[in-house]
Structure formats: C-alpha cells, structure tokens
Amino acid sequence: MLCVLTRTATRTGLVKPCRLLSPLPVVQISERPLVHQESLPKLPVPPLKQTCARYLASLEPLISEEEMTHTRELMDEFLRPGGVGERLQKSLERRARKTENWLSDWWMQSAYLDSRMPVAMYTSPGVVLPKMHFQDRQGQMRFAAKLIAGVLDFKRMIDSETLPVEYLGGKPLCMDQYYQVLTSCRIPGPKRDVVLNYTSTHITVVHNFQFFVLDVYNSDGSPLTVDQIYVQLEKIWNSSLQTNKEPVGILTSNHRNTWGKAYNNLIKDKTNKESVRAIQKSIFTVCLDAPLPRVSDEMYFNKVAAQMLHGGGSRWNSGNRWFDKTLQFIIGEDGSCGLTYEHAPAEGPPIVFLVDYVVDYMKRTEMVRAPMIPLAMPQKLRFNITPEIKKDIEKAKQNMNIMVHELDVRVLNFTHYGRKFPKSHKMSPDAFIQMALQLAYYRMYQTCCPTYESASLRMFKLGRTEAIRSTTTESLQFTQAMDDPSKHNSEKATLLEKAIKVHREHTHMAIHGQGVERHMLGLKMTAIEDLTSLPEIFMDTSFAVASHFNLYTSQVGSKTDCVMCFGPMVPDGYGICYNPMDDHINFAVTAFNSCEETNATKLSKFLEESLLDMKTLLEQVSKTQ
C-alpha cells in the first residue's frame, strides 16, 4: 500500500526484464501537470489466462502438492469456456471502458475506507527524519516555523499547477495524488469513512493536547514569513502551558466504529462541531510534542519511529494528534521530528517528494527579520467535554496504551554498504534487498512466506498500487541453497541472479498494469457485485494463504536520510520499509508483541547477517572468475 517511485528506476527494478541494469530515472519536467492527466492511458485489465497462470505459479513455493492439485481443479473450473471466469472478465472489461480507472474506487474502499481498524499503527505510516540539533523550545519553534514555510512553498506549486510532471522512461506519470495530500481529512462513518477535500488558508497547531487555528496567509494572499510564523508559534506555546487538558485528539486513534459513534456524540455540541471542522479543513497539522524519555543512542530511532506511528501512549503524545488528518508534522522539543500521514488519499510518492522539498527548502532558508505587521492571536479551539465524551476519551486512552504496548518497532541503519554495491554487480538494489528479506525470513523460520511489495501504477490515470509477490520458486531455491554446504558458491550466486531476474520481471509487469493481485481483487469485487455467490477459487484455502502476507514490505526511496515505518498487515507478520541510500540502507521493522512467533529485533539481526553474507558470496565468486 505504500509505494514510492524512487528517483532512479534501478532502485525499484523499473526496467525491461531482459536488461539487468538500465537506469530509467524518474525525471521532473516543468510543465502543467493537469494537461498531461487527460493524455494518460487507462489502467488495463490483464488477460484472464495470464493472471490465473501467474497466480498458480505464485502458490507453488507456499502450499503443498495436494493443495496445489485441488486449487488447479478449481482454476480449471473457473476458466471453463463460457464459465464464470470469462463472464467476470467481460464485466470487468466493461467497467474499465466506462470508468477513468476500474480499480481506484474499489481500492480506496477495500484497502482504507471500509477498514474498521484504527488508522494509527494499522494503516497510517510514520516517517522519521534525521535528529535535529535543538534541545529547547526556541529551537523547536524555529524548526517548526521553517518547516511550515517550506510546506506552504510546496503548496504554491500545487495551487498554481506548476508542480513539475514526473516522467518514467519518457512517459508522464499521474500527478493526481499530489493534489489530494494538503487540505484533506478522513471523516469517520458508521460503516465506511469518507475523505473530504477543502479550500483553506489556515493550519492547525497542537501543543499539550490543545488545538489552535494558525492563519498562514496575510490579507494580500502572501504567505507568512518564517519570522511571522515563529512569533505566532510563540503565542500558541505561551497560551497552552497547562498540561491537564483533555486529549480530545486521542479519540481519532480508536477503532473506526467506536470513533464514529464518539464523533457523532462529540459534534452534537455546536462549539465542538466548529472546532472539529476547523481541524478537518486545515491545510495540515503541526504537532509540537513534549520531549520523550531519554534512551540510549542505540534505541533512539526505535523510540522516534514509534513516536511517529502512535505518539507513545496517553501519558506522552498520543493525544497530541488528529489521526484522521492527512498530513501531521511532528516536532519534539528534544530534536525528534518526522510525520505521520493518513493513507487513504495518497501513496508514498507525494509524501516523500514533499519531505525532500521541505528539507531542501529549510537548508537554504534563514530566518530574516522583516517589518512586523501585528498579527491576531491564533484562535484556540474549544471543546465542551461532557461526562459521555470524557468516558469516550478514557476508553480511547486505554485502547491506545494497549496498542502502544503491542507494537514492537526496530530501526536498522545498515552501514556496511548501500545501493551502489548491488549495482556494481549489475543487480537491482530493490530485488537484491527483497532476496535478503527472503533469506532472513527463511533462516529464522526454515520456510518461506507470502510476501507483499508495493509497486506504483502511476503510469496510468488515477493509478495507485499493485503488489509484487516477492516469494517465488526461484527465491525459495536461492534461500534453501544459501546455507546448504553441498552447494558451491558459484551455484548459489547463479540462483541469486535467477531469483533477482524473476523479481525484476514481476516488477516490470506490475508497474505496467499486468500484475496478479489487483486483477484478482477486481474479479472478486465484480463477483460480489454481479453474482449471487462467490466463485470457489476465492473461497479456496490457498487463496487465503496467498493473501496472508507475513512480510509486508515497501521501498521508500528518498533523497533525505529518513526512514518510513508502518505496522504489519497480519497479526503474525512483519511490516518492513527501507530506504536504500548510496552507501547505507535504512530499515524499519515492526511486529506485534502479542504474537510469540514474531520478533522484530531477531528478524533485523537475520536481515543484517543475510545482507553481509550475500555481499561476501558475490565478492568470493567475483575473485574466482
């Protein structure tokens, strides 16, 4: 679900599968993005037999021969001439002709808006930025003021439609998601949420659980200067020193049905409703966090990653959030900083591009004293807390504290090498890292598992993501051989090359709209809408097994030395995000503490060992050639 088109396509294997190293950079060209939107091709519906054959191939390393025989029989029935498969395919092709994108609405619903799990930890990623060199509130305010100014400068490009169009291999990419990130918010519903977009001239700032409206434009429409923003933030800070306020924001961290009921209860009151609307309509939110408890340098990034995901619990900063807000920048008094974003409106690319833009802006922007025009005091948002609302807040606190205790987060800064090493051996860095993940998992469990890696569909109009199934027969052969003393190094290296080649081919097909996962979803959704009963292929145990992604992974390539993190997709799984830099790789690994079988620290150690062993293998084989 988290997919980033990185700056160079070799990082994600975005090249033709027949060529193992052919850089296709994602380039930006200053042209009006909306002109290109209309010329983008529609997402194709892949051929039915192609998808079904590739689906069966993806099951081979995961299920027994007996299960495979049963699934093949169900697939033969599904593909029978004139049968249910052909009918669903034709219906899906009709939908593709009638809509701008046959997948996007279904994906938005099934992946996000229909989900009743809390957005914090379960769907909303966090981004950890490098530690800043401030340790006091003045430093925190200065940093926040520059950051706000940087985001407003980015918004200027959005508003004027001058955001450079991204191209891949000479083809323009869909820029729609960039226009969904600012001034948007998720709204809870009884059975399904919605995302609303607004027009606004203010941001919200939250400090000590207290929300403020900060107007960020002058009366002539010009944005406030960094200096002006700093003065306004000082006013907010000095008006929110009390630490005993009810953390209304923690309500947004709850199970969606629970929050939906509490939301309706909260906005019955006119004042509360106006305050909630002000938060929802804001361009983005800035969370000025209290400092975290001191931890060792080794544990620092683990702590900050958790802070970005959930705020650390009700005693710390979990109430200093509005988790429904698409963009929340988090700035701690102790120099910790990053963001969390609600995933429904967009994937990773606009978020990471915005982060890179703002970080660059802050490097070249100094606070300059300008003639001060007196600015009005930022409006403090008031909430009337009834006994019922107080009860809802207490429940949300308890639930958040359970979730915080439940999530294990480990950040691994792998410093031995970065993406330059696999490139030097004519291998895709992304595919190489995926094979290291396969090896780490196999060494820990002596088996492989269903693995999900996000791929971008932005070559197509309103494209979101496709899944690359990283576990293949070839990846399993490599992982089994790697620790087999009877295998020679040359054979192991050959198996690694084969596994990487297959991964590259799967990546190529995924980004060109020929993936398996979303086509199967489309056929299933069509069946739900058109048929009285679901075809047996979707009721098959193998289908459930294949969709139970124990490894849920994404590459988030950024110019900034940051790392993105997100929770596992399944209770007995891992969430793994990585940012390959030239000479090091940042990983974030998450698991649930309630599952005895998973351990984020242990898997991180196996991952580090696997990366080192794969490097040693290639170096030894190179020496003998």
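Cut-offs and rules
Residues numbered from 1 in each chain as written. Predicted model: local features only at pLDDT ≥ 70, side-chain atom pairs only at ≥ 80, totals over all residues. Heavy atoms only, no water. Helix = DSSP H or I, 4+ residues; strand = E, 2+ residues; numbered from the N terminus. Rg over C-alpha atoms; globule rule 2.2 N^0.38 Å. Buried < 20%, exposed > 50% of the residue type's maximum accessible area, 1.4 Å probe, protein only. Contact = heavy atoms within 4.5 Å. Pairing = 2+ DSSP bridges. Axes fitted to C-alpha atoms, helices over the stretch in contact; angles between N-to-C directions. Core = buried A, V, L, I, M, F, W, Y, C linked by side-chain atoms within 4.5 Å. Phe/Tyr/Trp six-rings, centres within 6.5 Å; stacked < 30°, edge-to-face > 60°. Lys NZ or Arg CZ within 6 Å of the ring centre and 35° of its normal. Polar contact = N/O pair within 3.5 Å; in protein donor to acceptor, adjacent residues only side chain to side chain. Salt bridge = Lys/Arg side-chain N within 4 Å of Asp/Glu carboxyl O.

Sorry, what's going on with the overall build of the protein here?
Helix and strand counts for the protein come out as 20 helices and 19 strands. Compactness check: the protein gives a C-alpha radius of gyration of 25 Å against a globular reference of 25 Å for 625 residues, within 12% of the reference. Among the 625 residues that make up the protein, the fraction classed as buried is 61%. When contacts within the protein are restricted to residue pairs at least 6 apart in sequence, those whose partners lie at least 24 apart make up 76%.

Help me understand the sheet that holds strand S13 (residues 407-414), please; the structure alone is not making it clear to me.
Reading across the sheet, the six strands line up as S13-S19-S18-S16-S14-S15 and stay open at both edges, with mixed pairing between neighbours. Of all the strands in the sheet, the pair left with one neighbour each is S13 and strand S15 (465-469). Adjacent strand axes in the sheet meet at a mean angle of 20 degrees when their direction is disregarded. Here helix H10 (residues 297-310) sits on the sheet and contacts S13 and strand S19 (585-592); the angle it forms with S13, its principal contact strand, is near 130 degrees.

What should I look at first to understand the sheet that holds strand S7 (residues 202-207) in this one?
Strand pairing in a sheet relies on backbone hydrogen bonds. The paired strands run either parallel or antiparallel. Pairing is mixed in the open sheet, where eight strands are placed in the order S12-S8-S7-S9-S10-S11-S2-S17. Sheet topology places strand S12 (379-380) and strand S17 (563-565) at the edges, where each strand pairs with a single neighbour. Looking at chain direction, strand S9 (residues 285-289) and strand S10 (residues 327-332) are connected through five bridges and run parallel. Paired with Cys 287 across the two strands is Ile 330, which belongs to S10. In this fold helix H7 (residues 226-238) packs onto S7 and strand S8 (210-215), with an angle of close to 160 degrees to the strand it touches most, S8.

How do you make sense of the nonpolar core when you look at a structure like this?
In a soluble, globular protein the nonpolar side chains are often hidden away together inside. Tyr 55, Phe 78, Phe 154, Leu 233, Phe 284 and Leu 327 are the most contacted members of the largest nonpolar core, which has 111 residues in total. No other element matches the 12 residues that helix H6 (residues 137-159) contributes to this core. The contact partners of Phe 78, leaving out residues within four places of it in the chain, are Leu 48, Cys 52, Val 84, Gly 85, Glu 86, Leu 88, Leu 523, Pro 535, Ile 537 and Phe 538. One finds Val 206, Ala 262, Met 400 and Phe 592 within the second-largest nonpolar core, a separate group that totals 45 residues.

Is there a simple way to think about the pairing of S15 in this case?
In the case of a regular strand, side chains alternate between the two sheet surfaces. Counted residue by residue, S15 has five buried out of five residues, so it is predominantly covered. Residue alternation in S15 divides its side chains into two sets, Thr 465, Ala 467 and Arg 469 and Glu 466 and Ile 468, and both sets are buried. Bridge count between strand S14 (residues 451-456) and S15: five bridges; the pairing is antiparallel. Note on S15: the bridge partner recorded for Ser 454 is Ala 467.

Explanation requested: the packing of aromatic side chains in the structure shown.
Two aromatic rings are characterised by how far apart their centres lie and by the angle between their planes. Applying the stated criterion across every chain, the model contains 23 aromatic pairs. Between Tyr 55 and Phe 543, the aromatic rings sit 6.2 Å apart at their centres with planes inclined by 50 degrees, giving tilted as the arrangement. One end of the pair, Tyr 55, is in helix H2 (residues 48-59); the other, Phe 543, is in helix H19 (residues 541-546), and 488 residues separate them in sequence. Its relative accessible area of 1% is what places Tyr 55 among the buried residues. An angle of 50 degrees between the planes, with centres 4.9 Å apart, marks the rings of Tyr 417 and Phe 421 as tilted. Across the pair, Phe 421 and Tyr 417 agree in class, each one buried. Taken together, the aromatic side chains of Tyr 55, Phe 78, Phe 538 and Phe 543 make up a single cluster linked through ring pairs. The residue whose ring lies beneath Arg 95 is Trp 106, and the NZ or CZ to ring-centre distance is 3.6 Å. Over the aromatic face of Tyr 300 sits the side chain of Lys 131, whose NZ or CZ is 4.5 Å from the ring centroid.

Explain the side chain of Asp 324 to me, please; I cannot follow it from the model alone.
Structurally, Asp 324 is set in the loop between H10 and S10. With a relative accessible area of 1%, Asp 324 lands in the buried category. In terms of polar contacts, Asp 324 uses its side chain to reach the side chain of Trp 259, at 2.8 Å. If we ignore the near neighbours within four places in the chain, the residues touching Asp 324 are Val 119, Cys 185, Arg 186, Pro 188, Thr 252, Arg 256, Trp 259 and Glu 342.

Explanation requested: the pattern of salt bridges in the structure shown.
Pairs can form between side chains of opposite charge once their charged atoms are near each other. What the rule picks out here adds up to 30 salt bridges. In this structure, the salt-bridge partner of Lys 397 is Glu 394, at a minimum N-O distance of 3.2 Å. Within this pair, Lys 397 and its partner Glu 394 are both found in helix H12 (residues 387-406), separated by three residues, close to a single helical turn. Look at Glu 394 and you get partly exposed, because its relative accessible area is 27%. The partner of Lys 487 in a salt bridge is Glu 491, with the nearest N and O atoms 3.5 Å apart. On the basis of relative accessibility, which here comes to 35%, the residue Glu 491 falls in the partly exposed class. Residues participating in the shared-partner salt-bridge network are Arg 116, Arg 186, Asp 193, Arg 256, Asp 324 and Glu 342.

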